[in-house]
Amino acid sequence: MKILNTKVELVREINQLKSKGLSIGLVPTMGALHQGHLSLIGESKKRANITVASIFVNPTQFDNQEDLVNYPKPIEEDIRKLESAGCDILFNPEVEEMYKDHEVWDYEVGDLDTKLEGELRPGHYKGVTQIVYKLFKAVNPDIAFFGQKDYQQFLVISKMVKDLALHIKLQLCDIVREPDGLAMSSRNVRLNKEERDISVVLYKALEYIKQHYTELSLQELQQNAARFFEKNPLLNLEYVKICDKESLDLLQEKSPNGAIALVACFVGKVRLIDNMIIP
Ligand code: AMP
(Lines give C-alpha, C1' and ligand atoms only; values in the text may rest on other atoms or scores of the structure.)
Protein backbone atom coordinates (compact mmCIF):
# COMPACT_ATOMS: atom_id res chain seq x y z
CA MET A 1 0.00 0.00 0.00
CA LYS A 2 1.26 3.46 -0.91
CA ILE A 3 1.02 6.05 1.84
CA LEU A 4 0.73 9.64 0.60
CA ASN A 5 0.55 12.77 2.70
CA THR A 6 0.21 15.56 0.17
CA LYS A 7 -2.39 16.41 -2.45
CA VAL A 8 0.29 16.92 -5.10
CA GLU A 9 1.61 13.37 -4.69
CA LEU A 10 -1.89 11.99 -4.59
CA VAL A 11 -3.10 13.79 -7.72
CA ARG A 12 0.04 12.64 -9.60
CA GLU A 13 -0.55 9.03 -8.57
CA ILE A 14 -4.27 9.10 -9.38
CA ASN A 15 -3.67 10.69 -12.81
CA GLN A 16 -1.24 7.91 -13.67
CA LEU A 17 -3.72 5.23 -12.62
CA LYS A 18 -6.57 6.89 -14.48
CA SER A 19 -4.49 7.21 -17.62
CA LYS A 20 -4.25 3.39 -17.56
CA GLY A 21 -8.04 3.23 -17.52
CA LEU A 22 -8.29 2.11 -13.89
CA SER A 23 -11.33 3.09 -11.82
CA ILE A 24 -10.90 4.62 -8.38
CA GLY A 25 -12.92 3.89 -5.23
CA LEU A 26 -12.66 6.21 -2.24
CA VAL A 27 -13.34 5.36 1.40
CA PRO A 28 -13.10 8.51 3.53
CA THR A 29 -12.48 7.86 7.25
CA MET A 30 -11.21 9.54 10.38
CA GLY A 31 -9.12 6.50 11.30
CA ALA A 32 -9.23 4.34 14.45
CA LEU A 33 -10.38 1.73 11.99
CA HIS A 34 -12.68 -1.15 12.81
CA GLN A 35 -14.51 -3.84 10.87
CA GLY A 36 -17.14 -1.29 9.75
CA HIS A 37 -14.49 0.75 7.91
CA LEU A 38 -12.89 -2.39 6.53
CA SER A 39 -16.23 -3.56 5.11
CA LEU A 40 -16.26 -0.32 3.08
CA ILE A 41 -12.77 -1.16 1.80
CA GLY A 42 -14.11 -4.61 0.85
CA GLU A 43 -17.01 -3.05 -1.09
CA SER A 44 -14.63 -0.70 -2.87
CA LYS A 45 -12.39 -3.58 -3.88
CA LYS A 46 -15.42 -5.27 -5.46
CA ARG A 47 -16.55 -2.18 -7.37
CA ALA A 48 -13.34 -0.34 -8.32
CA ASN A 49 -9.88 -1.28 -9.62
CA ILE A 50 -8.01 0.86 -7.10
CA THR A 51 -9.10 1.57 -3.54
CA VAL A 52 -8.03 4.77 -1.83
CA ALA A 53 -8.71 5.20 1.89
CA SER A 54 -8.27 8.55 3.56
CA ILE A 55 -7.56 9.04 7.24
CA PHE A 56 -8.08 12.60 8.36
CA VAL A 57 -9.56 13.77 11.65
CA ASN A 58 -11.31 16.79 10.23
CA PRO A 59 -11.34 19.65 12.75
CA THR A 60 -14.05 21.67 10.98
CA GLN A 61 -16.72 19.02 11.58
CA PHE A 62 -16.27 18.85 15.37
CA ASP A 63 -18.72 20.97 17.31
CA ASN A 64 -17.20 19.67 20.56
CA GLN A 65 -13.48 20.35 21.17
CA GLU A 66 -13.22 17.64 23.82
CA ASP A 67 -14.41 15.08 21.27
CA LEU A 68 -11.78 16.31 18.79
CA VAL A 69 -8.95 16.20 21.34
CA ASN A 70 -9.94 12.73 22.56
CA TYR A 71 -10.47 11.26 19.09
CA PRO A 72 -8.29 8.10 18.93
CA LYS A 73 -5.39 8.15 16.43
CA PRO A 74 -3.74 4.69 16.28
CA ILE A 75 -2.14 5.30 12.86
CA GLU A 76 0.32 2.35 12.89
CA GLU A 77 -2.46 -0.09 13.68
CA ASP A 78 -4.69 1.52 11.03
CA ILE A 79 -1.98 1.09 8.40
CA ARG A 80 -1.67 -2.61 9.27
CA LYS A 81 -5.44 -3.07 9.02
CA LEU A 82 -5.64 -1.31 5.66
CA GLU A 83 -2.76 -3.36 4.32
CA SER A 84 -4.36 -6.63 5.31
CA ALA A 85 -7.69 -5.48 3.84
CA GLY A 86 -5.94 -4.95 0.49
CA CYS A 87 -6.24 -1.16 0.32
CA ASP A 88 -4.03 0.27 -2.47
CA ILE A 89 -3.45 3.86 -1.35
CA LEU A 90 -3.73 5.60 2.01
CA PHE A 91 -4.06 9.36 1.91
CA ASN A 92 -3.11 10.64 5.37
CA PRO A 93 -2.57 14.41 5.27
CA GLU A 94 -1.85 16.82 8.12
CA VAL A 95 -4.39 19.53 8.92
CA GLU A 96 -2.19 22.20 7.25
CA GLU A 97 -2.23 20.21 4.02
CA MET A 98 -6.02 20.34 3.84
CA TYR A 99 -6.73 23.82 5.22
CA LYS A 100 -5.35 27.25 4.62
CA ASP A 101 -6.02 30.18 6.98
CA HIS A 102 -9.28 32.08 6.61
CA GLU A 103 -10.74 29.64 4.16
CA VAL A 104 -14.37 30.16 3.17
CA TRP A 105 -16.73 27.27 2.50
CA ASP A 106 -20.14 28.57 1.61
CA TYR A 107 -21.93 25.45 0.40
CA GLU A 108 -25.47 25.64 1.77
CA VAL A 109 -26.34 22.26 3.30
CA GLY A 110 -30.03 23.20 3.39
CA ASP A 111 -32.93 21.57 5.18
CA LEU A 112 -31.04 18.50 6.42
CA ASP A 113 -28.86 20.81 8.49
CA THR A 114 -31.86 21.75 10.64
CA LYS A 115 -32.78 18.20 11.64
CA LEU A 116 -31.43 15.52 14.02
CA GLU A 117 -27.59 15.65 13.87
CA GLY A 118 -27.70 18.93 11.94
CA GLU A 119 -29.76 20.58 14.64
CA LEU A 120 -27.81 19.15 17.57
CA ARG A 121 -24.32 19.60 16.10
CA PRO A 122 -24.31 23.09 14.56
CA GLY A 123 -21.75 23.40 11.77
CA HIS A 124 -21.10 19.65 11.65
CA TYR A 125 -22.36 19.11 8.10
CA LYS A 126 -20.76 22.31 6.90
CA GLY A 127 -17.45 20.77 8.01
CA VAL A 128 -18.29 17.35 6.58
CA THR A 129 -19.20 18.72 3.15
CA GLN A 130 -16.11 20.93 3.18
CA ILE A 131 -13.70 18.05 3.76
CA VAL A 132 -15.53 15.52 1.57
CA TYR A 133 -15.51 18.02 -1.30
CA LYS A 134 -11.75 18.50 -0.86
CA LEU A 135 -11.21 14.74 -0.81
CA PHE A 136 -13.38 14.31 -3.91
CA LYS A 137 -11.32 16.97 -5.71
CA ALA A 138 -7.99 15.43 -4.67
CA VAL A 139 -8.90 11.77 -5.31
CA ASN A 140 -11.32 12.29 -8.21
CA PRO A 141 -12.97 8.92 -7.47
CA ASP A 142 -15.42 7.15 -9.75
CA ILE A 143 -17.25 5.87 -6.70
CA ALA A 144 -17.16 6.69 -3.00
CA PHE A 145 -18.32 4.49 -0.12
CA PHE A 146 -20.13 5.61 3.01
CA GLY A 147 -21.67 3.71 5.92
CA GLN A 148 -25.35 3.69 6.78
CA LYS A 149 -24.16 4.23 10.36
CA ASP A 150 -23.99 7.94 9.40
CA TYR A 151 -27.18 7.88 7.37
CA GLN A 152 -27.85 11.61 7.53
CA GLN A 153 -24.29 12.27 6.38
CA PHE A 154 -24.94 10.08 3.34
CA LEU A 155 -28.05 12.11 2.48
CA VAL A 156 -26.12 15.38 2.89
CA ILE A 157 -23.27 14.18 0.67
CA SER A 158 -25.71 12.81 -1.93
CA LYS A 159 -27.34 16.23 -2.07
CA MET A 160 -23.96 17.96 -2.42
CA VAL A 161 -22.98 15.64 -5.29
CA LYS A 162 -26.23 16.53 -7.04
CA ASP A 163 -26.10 20.27 -6.27
CA LEU A 164 -22.52 20.62 -7.47
CA ALA A 165 -22.99 18.20 -10.39
CA LEU A 166 -20.03 16.05 -9.34
CA HIS A 167 -19.54 12.93 -11.45
CA ILE A 168 -19.13 10.54 -8.56
CA LYS A 169 -21.28 7.52 -7.72
CA LEU A 170 -22.04 7.00 -4.05
CA GLN A 171 -22.64 3.69 -2.35
CA LEU A 172 -24.29 3.27 1.02
CA CYS A 173 -22.91 0.27 2.95
CA ASP A 174 -24.53 -1.76 5.75
CA ILE A 175 -23.83 -1.11 9.42
CA VAL A 176 -21.36 -3.59 10.91
CA ARG A 177 -22.22 -4.49 14.50
CA GLU A 178 -20.56 -6.13 17.49
CA PRO A 179 -21.96 -9.58 18.39
CA ASP A 180 -24.38 -8.01 20.91
CA GLY A 181 -25.70 -5.52 18.31
CA LEU A 182 -23.77 -2.35 19.22
CA ALA A 183 -22.84 -0.55 15.99
CA MET A 184 -19.07 -0.46 15.60
CA SER A 185 -17.67 3.03 16.09
CA SER A 186 -14.23 4.53 16.66
CA ARG A 187 -15.69 6.15 19.77
CA ASN A 188 -16.56 2.79 21.37
CA VAL A 189 -12.97 2.44 22.65
CA ARG A 190 -13.63 5.42 24.93
CA LEU A 191 -16.39 3.54 26.79
CA ASN A 192 -15.48 1.92 30.10
CA LYS A 193 -16.74 -1.61 30.85
CA GLU A 194 -20.00 -0.47 32.42
CA GLU A 195 -20.68 2.03 29.63
CA ARG A 196 -19.83 -0.52 26.96
CA ASP A 197 -22.26 -3.03 28.46
CA ILE A 198 -25.14 -0.56 28.60
CA SER A 199 -24.46 0.84 25.08
CA VAL A 200 -26.30 -2.05 23.49
CA VAL A 201 -29.49 -0.22 24.50
CA LEU A 202 -29.32 1.88 21.31
CA TYR A 203 -29.58 -1.26 19.20
CA LYS A 204 -32.26 -2.74 21.47
CA ALA A 205 -34.43 0.38 21.19
CA LEU A 206 -34.15 0.30 17.38
CA GLU A 207 -34.90 -3.42 17.29
CA TYR A 208 -37.95 -2.79 19.49
CA ILE A 209 -39.26 -0.25 16.96
CA LYS A 210 -38.66 -2.62 14.07
CA GLN A 211 -40.29 -5.60 15.82
CA HIS A 212 -43.42 -3.70 16.89
CA TYR A 213 -43.72 -1.41 13.87
CA THR A 214 -46.92 -2.86 12.46
CA GLU A 215 -48.84 -3.27 15.72
CA LEU A 216 -48.14 0.04 17.53
CA SER A 217 -48.63 3.69 16.56
CA LEU A 218 -45.62 5.86 15.67
CA GLN A 219 -46.11 7.78 18.90
CA GLU A 220 -46.24 4.62 21.03
CA LEU A 221 -43.18 3.21 19.30
CA GLN A 222 -41.12 6.34 19.96
CA GLN A 223 -42.34 6.72 23.55
CA ASN A 224 -41.71 3.08 24.40
CA ALA A 225 -38.27 3.17 22.76
CA ALA A 226 -37.36 6.29 24.77
CA ARG A 227 -38.22 4.38 27.99
CA PHE A 228 -35.28 2.03 27.33
CA PHE A 229 -32.99 4.96 28.24
CA GLU A 230 -34.77 6.17 31.36
CA LYS A 231 -33.46 4.01 34.18
CA ASN A 232 -29.67 4.29 33.81
CA PRO A 233 -28.02 7.58 34.90
CA LEU A 234 -25.13 6.89 32.49
CA LEU A 235 -27.54 7.35 29.57
CA ASN A 236 -28.60 10.73 28.28
CA LEU A 237 -30.91 10.27 25.30
CA GLU A 238 -30.86 13.03 22.68
CA TYR A 239 -33.44 11.57 20.34
CA VAL A 240 -35.07 8.39 19.17
CA LYS A 241 -37.22 9.18 16.16
CA ILE A 242 -38.95 7.51 13.25
CA CYS A 243 -38.44 9.56 10.12
CA ASP A 244 -39.00 9.66 6.39
CA LYS A 245 -36.03 7.99 4.68
CA GLU A 246 -35.43 10.80 2.20
CA SER A 247 -36.24 14.04 4.03
CA LEU A 248 -35.63 12.85 7.62
CA ASP A 249 -38.83 14.65 8.59
CA LEU A 250 -40.57 13.09 11.56
CA LEU A 251 -43.00 10.58 10.07
CA GLN A 252 -46.59 11.69 10.62
CA GLU A 253 -48.11 8.43 9.44
CA LYS A 254 -46.76 5.07 8.37
CA SER A 255 -45.81 5.15 4.73
CA PRO A 256 -45.54 2.32 2.18
CA ASN A 257 -42.08 3.69 1.31
CA GLY A 258 -40.80 2.47 4.67
CA ALA A 259 -39.10 4.52 7.34
CA ILE A 260 -35.92 4.87 9.31
CA ALA A 261 -35.56 4.86 13.09
CA LEU A 262 -32.63 6.91 14.36
CA VAL A 263 -31.14 7.33 17.80
CA ALA A 264 -28.47 9.50 19.44
CA CYS A 265 -27.48 9.12 23.06
CA PHE A 266 -24.67 10.07 25.40
CA VAL A 267 -23.26 7.09 27.25
CA GLY A 268 -21.23 8.77 29.95
CA LYS A 269 -19.24 11.36 28.00
CA VAL A 270 -19.34 9.50 24.70
CA ARG A 271 -22.01 10.38 22.16
CA LEU A 272 -23.21 7.41 20.10
CA ILE A 273 -25.58 7.27 17.12
CA ASP A 274 -27.29 4.40 15.37
CA ASN A 275 -30.19 3.77 13.01
CA MET A 276 -32.26 1.03 11.43
CA ILE A 277 -34.23 1.04 8.20
CA ILE A 278 -37.78 -0.25 8.67
CA PRO A 279 -38.71 -2.07 5.50
P1 AMP B 1 -15.65 7.73 10.44
O2 AMP B 1 -14.22 7.26 10.50
O3 AMP B 1 -16.40 7.52 11.72
O4 AMP B 1 -15.79 9.11 9.88
O5 AMP B 1 -16.37 6.76 9.41
C6 AMP B 1 -15.89 6.61 8.10
C7 AMP B 1 -16.90 5.85 7.30
O8 AMP B 1 -17.13 4.58 7.89
C9 AMP B 1 -18.28 6.56 7.25
O10 AMP B 1 -18.83 6.43 5.96
C11 AMP B 1 -19.07 5.77 8.27
O12 AMP B 1 -20.47 5.81 8.04
C13 AMP B 1 -18.51 4.39 8.07
N14 AMP B 1 -18.76 3.58 9.28
C15 AMP B 1 -18.53 3.93 10.56
N16 AMP B 1 -18.94 2.95 11.40
C17 AMP B 1 -19.45 1.97 10.62
C18 AMP B 1 -20.05 0.70 10.88
N19 AMP B 1 -20.21 0.25 12.12
N20 AMP B 1 -20.45 -0.04 9.84
C21 AMP B 1 -20.30 0.41 8.56
N22 AMP B 1 -19.75 1.59 8.25
C23 AMP B 1 -19.33 2.37 9.26
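Reading the values: the criteria
Residues numbered from 1 in each chain as written. Predicted model: local features only at pLDDT ≥ 70, side-chain atom pairs only at ≥ 80, totals over all residues. Heavy atoms only, no water. Domains from an automatic or database assignment. Contact = heavy atoms within 4.5 Å. Buried area = accessible area lost by both parts, 1.4 Å probe. Salt bridge = Lys/Arg side-chain N within 4 Å of Asp/Glu carboxyl O. Buried < 20%, exposed > 50% of the residue type's maximum accessible area, 1.4 Å probe, protein only. Helix = DSSP H or I, 4+ residues; strand = E, 2+ residues; numbered from the N terminus. Pairing = 2+ DSSP bridges. Expected span 1.5 Å × (residues − 1). Phe/Tyr/Trp six-rings, centres within 6.5 Å; stacked < 30°, edge-to-face > 60°.

## Observations regarding the domain arrangement of the chain
Many authors give the size of an interface as the accessible area that is lost as the parts come together. When the domains of the chain are assigned, the result is domain 1 (2-173) and domain 2 (191-271). At the junction of the two partners, domain 1 supplies 10 residues and domain 2 supplies 14 residues. Carbon and sulfur atoms make up 60% of the surface buried where domain 1 meets domain 2, a total of about 1,000 Å² over both sides. On the domain 1 side of the interface with domain 2, the three residues burying the most area are K115, L116 and Y151, jointly 51% of the side's total. Scanning the region where domain 1 abuts domain 2 turns up 3 salt bridges. When the shortest N-O distance is used, the salt bridge between D249 and K115 registers 2.9 Å.

## So, the pairing of strand β9 (residues 270-278)
By the criterion of burial, β9 is predominantly enclosed, with 8 of the 9 residues buried. Of the strand pairs in this sheet, strand β8 (residues 259-267) and β9 are connected by 9 bridges, and their pairing is antiparallel. Paired with V263 across the bridge in β9 is D274. The antiparallel pairing of β8 with β9 creates a hairpin that spans 2 residues between the two strands, and G268 there sits at a positive phi of about 60°.

## Quick look at helix α8 (residues 151-163)
Its 13 residues place the ends of α8 18 Å apart at the C-alpha level, agreeing with the 18 Å of an ideal helix rising 1.5 Å per residue. Every buried residue of α8 is listed here: Y151, Q152, Q153, F154, L155, V156, I157, M160 and V161. Tucked inside the fold, the buried residues of α8 contact α6 (116-120), α7 (124-139), β5 (143-147), β6 (169-173), β8 and β9.

## Describing the packing of aromatic side chains
Applying the stated criterion to the full structure yields 6 aromatic pairs. Among the aromatic residues, those joined into a cluster by ring pairs are W105, Y107 and Y133.

## Description of the pairing of β5
Where burial is concerned, most of β5 is hidden: 5 out of the 5 residues are buried. Residues of β5 alternate between two faces, with I143, F145 and G147 on one and A144 and F146 on the opposite face, all of them buried. Judged from the 2 bridges that link them, strand β2 (residues 24-29) and β5 form a sheet pairing that is parallel. Looking at the pairing, L26 lines up with A144 of β5. In the sheet, β5 pairs with β6 via 5 bridges, with the strands oriented parallel.

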